[in-house]
Amino acid sequence: MIAKPAIAPADGPPSRRGRFAPSPTGPLHFGSLLAALASCCDARHAGGQWLVRIEDVDVPRSRPGAASAILAALERYGFVWDGPVLRQSERTALYAEALDRLVAAGNAYPCACTRRELESAPLGAGGERVYPGTCRNGVPAAHRGRGQRAWRAAVGDGSSPVEYVDRLAGRVAQDLVRDVGDFVVKRADGLFAYQLAVVVDDAQAGITDVVRGADLAASTARQVFLQRRLGFPTPSYLHVPVAVDASGVKLSKSTHACALPDDPLPALLAAWRFLGQPLPSGSAAPASVAEFWAFAVAAWSPSRLPPGPTLVAAAAFDPRSTGPV
Ligand code: GLU
C-alpha cells in the first residue's frame, strides 16, 4: 500500500540530494529511524530530494521480507522518497566496473590471505585489524594454490591522511595506512564489500549530502579515498549520534532492537527530541504524523544536534530495558 505523501517531492533538479540506506537485516528500529529522520529532514529542509536504497549487497546477512517491512514502516511513519527504491543486489555490474577501474589503475589487487592468517595482524586506532600487506606485491607463492580471492584497495604509502569535513565534527583526518591498511572491496565469497558499493551508489545517484549514524564515521575516510581513486565527487557528511542502551550497546538489528511501534507519532517525537531538536515553543506539539512532518521539515536545525557519537535512548526504545516507558 502506498502511503499518502506527507511531504511533497521536490520539483526539478535538486541542489541537494540525501538518502537513507538501510541494510535489510531486520525491521526498522529506533536507531535506524534516527538516520532516516535526520537524512530526510536535512534534504527536505533544503528543498532537496531524498532517496531510499536497500543495502542488500551482503546477501547472507539480508533477511527475507526485511526490505519490504522496512519500506512499509517508512511509509507508515510518513516518509516519502523520490524515485524508485534502489537495491544493491541488482547493481553488481556497476560494482564490478568500479573494481575493474581500480585494478586497471593499480589501486586494487587480489588477496589470498585467510581470515585466520589475519587474526594476529596488529590492531589500528579504531580497533580493526590492519592488513599487513601480505599480497600487495603479488600473492605469495605459498598461497597460490588457494582458489578464493578477495580484492583489496591499496591505500598507498600513507604520506597523506584522508581528510574530509563532517558538518558536526568539523575537519576529520584518518591515516588509512596506520588504522586500516589495504581494505577489502570484494570479498573472497564473491560479494562486493559495503565500502565499494556505497561509493558507487552514492555517486551514481548524485547524492550531495550523506546523513547517517556516527557508527559509520569509521568508514567515511575509506569511502572518500575510493571516491578520489574513482574520480567521484565527495558528498558532504553529517554523522548523527547513535542510540545506545543503558550499558552503551548500540540499538541495532543485530542486537535485536525491537521493531518500531505501530503508532508512529510518539516514536517520531522521541527521535526528534533525541536528535536535539526542540518542539514548537508556545504552541502544542504536533498532533498527527502530517503535522509532525510539516513542522519537522521546516524546523530542522543540524546545529542543535547533540555532540558525541552516542546517546542513551529512552527506555521505551531499548528492548532490553525493564524500566518505565
Ligand atoms: N547500510 C548501512 C546500515 O544500515 C548504512 C550505510 C550508509 O548509510 O552509508 O547501517
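These figures come from a predicted structure and were not determined experimentally. (Residues numbered from 1 in each chain as written. Predicted model: local features only at pLDDT ≥ 70, side-chain atom pairs only at ≥ 80, totals over all residues. Heavy atoms only, no water.)

**Q** Is there a simple way to think about the sheet that holds strand β3 (residues 86-87) in this case?
**A** In a beta sheet, neighbouring strands pair by backbone hydrogen bonds and run either parallel or antiparallel. With respect to topology, three strands assemble into an open sheet ordered β1-β2-β3, the strand pairing being parallel. The open sheet terminates on both sides in strands that have one partner only, identified here as β1 (17-20) and β3. Taken together, the two bridges between strand β2 (residues 49-54) and β3 define a ladder with parallel strand orientation. Bridge pairing links Arg53 to Leu86 in β3. Contacting β1 and β2, helix α1 (residues 30-45) runs over the sheet at an angle of about 150° to β2. Of the strands in this sheet, β1, β2 and β3 are in contact with helix α2 (residues 66-76), which crosses β2 at around 155°. (Pairing = 2+ DSSP bridges. Helix = DSSP H or I, 4+ residues; strand = E, 2+ residues; numbered from the N terminus. Contact = heavy atoms within 4.5 Å. Axes fitted to C-alpha atoms, helices over the stretch in contact; angles between N-to-C directions.)

**Q** In this structure, what is going on with the site of the ligand? I would like to understand it.
**A** Around the ligand lies a shell formed by Arg19, Ala21, Pro22, Ser23, Glu55, Tyr194, Val198, Arg212 and Leu216. A distance of 2.7 Å is found between an oxygen atom of the ligand and a side-chain nitrogen or oxygen belonging to Arg19. Between the ligand and Glu55, the relevant distance is 2.6 Å, taken from a nitrogen atom to a side-chain nitrogen or oxygen of the residue. With the chains in place, 82% of the 300 Å² that the ligand exposes on its own is no longer accessible. For the shell around the ligand, the residue count by class is five nonpolar, one polar and three charged. (Near = heavy atom within 4 Å. Polar contact = N/O pair within 3.5 Å; in protein donor to acceptor, adjacent residues only side chain to side chain. Areas by Shrake-Rupley, 256 points an atom, 1.4 Å probe, with all protein chains shown as cover. Nonpolar A, V, L, I, M, F, W, Y, C, P; charged D, E, K, R; others polar.)

**Q** What am I meant to see in the environment of Gly18 here?
**A** As for its position among the elements, Gly18 is in strand β1. The spatial distance from the C-alpha of Gly18 to the C-alpha of Trp50 is 4.8 Å, given a sequence separation of 32 residues. When neighbours within four sequence positions are excluded, Gly18 is seen to be in contact with Ala43, Gln49, Trp50, Leu51, Ile207 and Asp209.

**Q** What am I meant to see in the packing of α1 against helix α9 (residues 289-299) here?
**A** Two quantities define a packed helix pair, namely the angle between the helix axes and the distance between the axes. Interaxial distance between α1 and α9 falls to 8 Å at its minimum, and their mutual angle equals 65°. The orientation of α1 relative to α9 falls into the category roughly perpendicular. The interaxial crossing formed by α1 with α9 has right-handed handedness. Residues Leu37, Cys40, Cys41, Arg44 and His45 of α1 touch α9, and the partners they reach there are Phe292, Trp293, Ala296, Val297 and Ala298. Among the residues forming the contact of α1 with α9, the class breakdown is eight nonpolar, one polar and one charged. (Parallel < 35°, antiparallel > 145°, perpendicular 65-115°, else oblique. Left-handed = near helix turned anticlockwise from the far one by under 90°.)

**Q** Sorry if this is basic, but what is going on with the side chain of Arg44 here?
**A** With respect to the helices and strands, the residue Arg44 is situated in helix α1. Taking the relative accessible area as the measure of exposure, Arg44 reaches 6% and is therefore buried. A polar contact is formed between the side chain of Arg44 and the backbone oxygen of Val80, at a distance of 2.7 Å. (Buried < 20%, exposed > 50% of the residue type's maximum accessible area, 1.4 Å probe, protein only.)

**Q** I keep staring at the packing of aromatic side chains and nothing clicks. Help me out?
**A** Two measures describe an aromatic ring pair: the distance that separates the ring centres and the angle between the ring planes. Under the criterion given, the structure shown has eleven aromatic pairs. Site record: aromatic cluster; members linked through ring pairs are Phe20, Trp50, Phe79, Trp272, Phe292, Trp293, Phe295 and Trp300. Over the ring of Tyr131 we find Arg152, and its NZ or CZ is 3.7 Å from the ring centre. (Phe/Tyr/Trp six-rings, centres within 6.5 Å; stacked < 30°, edge-to-face > 60°. Lys NZ or Arg CZ within 6 Å of the ring centre and 35° of its normal.)

**Q** What's the story with the pairing of strand β7 (residues 170-174) in this structure? I'm lost.
**A** A regular strand places its side chains so that they alternate between the two faces of the sheet. Relative to β7, strand β6 (residues 162-166) is paired through five bridges, and the arrangement is antiparallel. Counted as the bridge partner of Val165 is Arg171 from β7.

**Q** Would you mind going over the sheet that holds strand β8 (residues 183-186) with me for this structure?
**A** Strands sit in the order β4-β5-β8 across an open sheet of three strands; the sheet is antiparallel. Lying at the two open borders of the sheet, with one neighbouring strand each, are β4 (108-111) and β8. Neighbouring strand axes in the sheet, compared pairwise and without regard to direction, differ in orientation by 45° on average. Two elements, β4 and strand β5 (residues 150-153), share four bridges in a ladder whose sense is antiparallel. Each residue of the ladder has a partner; that of Cys111, found in β5, is Ala150. The strands touched by helix α3 (residues 92-104) within the sheet are β4, β5 and β8, with β4 carrying the most contacts at an inclination of about 100°.

**Q** Sorry, what's going on with the nonpolar core here?
**A** When a protein is soluble and globular, its nonpolar side chains tend to lie buried together. Core analysis: the largest hydrophobic core is formed by 48 residues, its most contacted members being Phe30, Leu37, Leu74, Phe79 and Trp293. Residue assignment for this core shows that the elements contributing at least two residues are α1, β2, α2, β10 (236-240), α8 (264-274) and α9. The element that contributes the greatest number of residues to this core is α1, accounting for ten residues. Core analysis: the next-biggest nonpolar cluster, separate from the first, contains 30 residues, Val57, Tyr164, Phe225 and Tyr237 among them. (Core = buried A, V, L, I, M, F, W, Y, C linked by side-chain atoms within 4.5 Å.)

**Q** Is there a simple way to explain the state of the cysteines in this structure?
**A** Two cysteines whose sulfur atoms are joined by a covalent bond form what is called a disulfide. Within the structure shown, the criterion is met by zero disulfides. Cys113 provides the cysteine sulfur closest to Cys135, a residue in no disulfide bond, and the two sulfurs are 3.8 Å apart. (Disulfide = S-S within 2.5 Å.)

Honestly, it's all geometry; don't read function into it.
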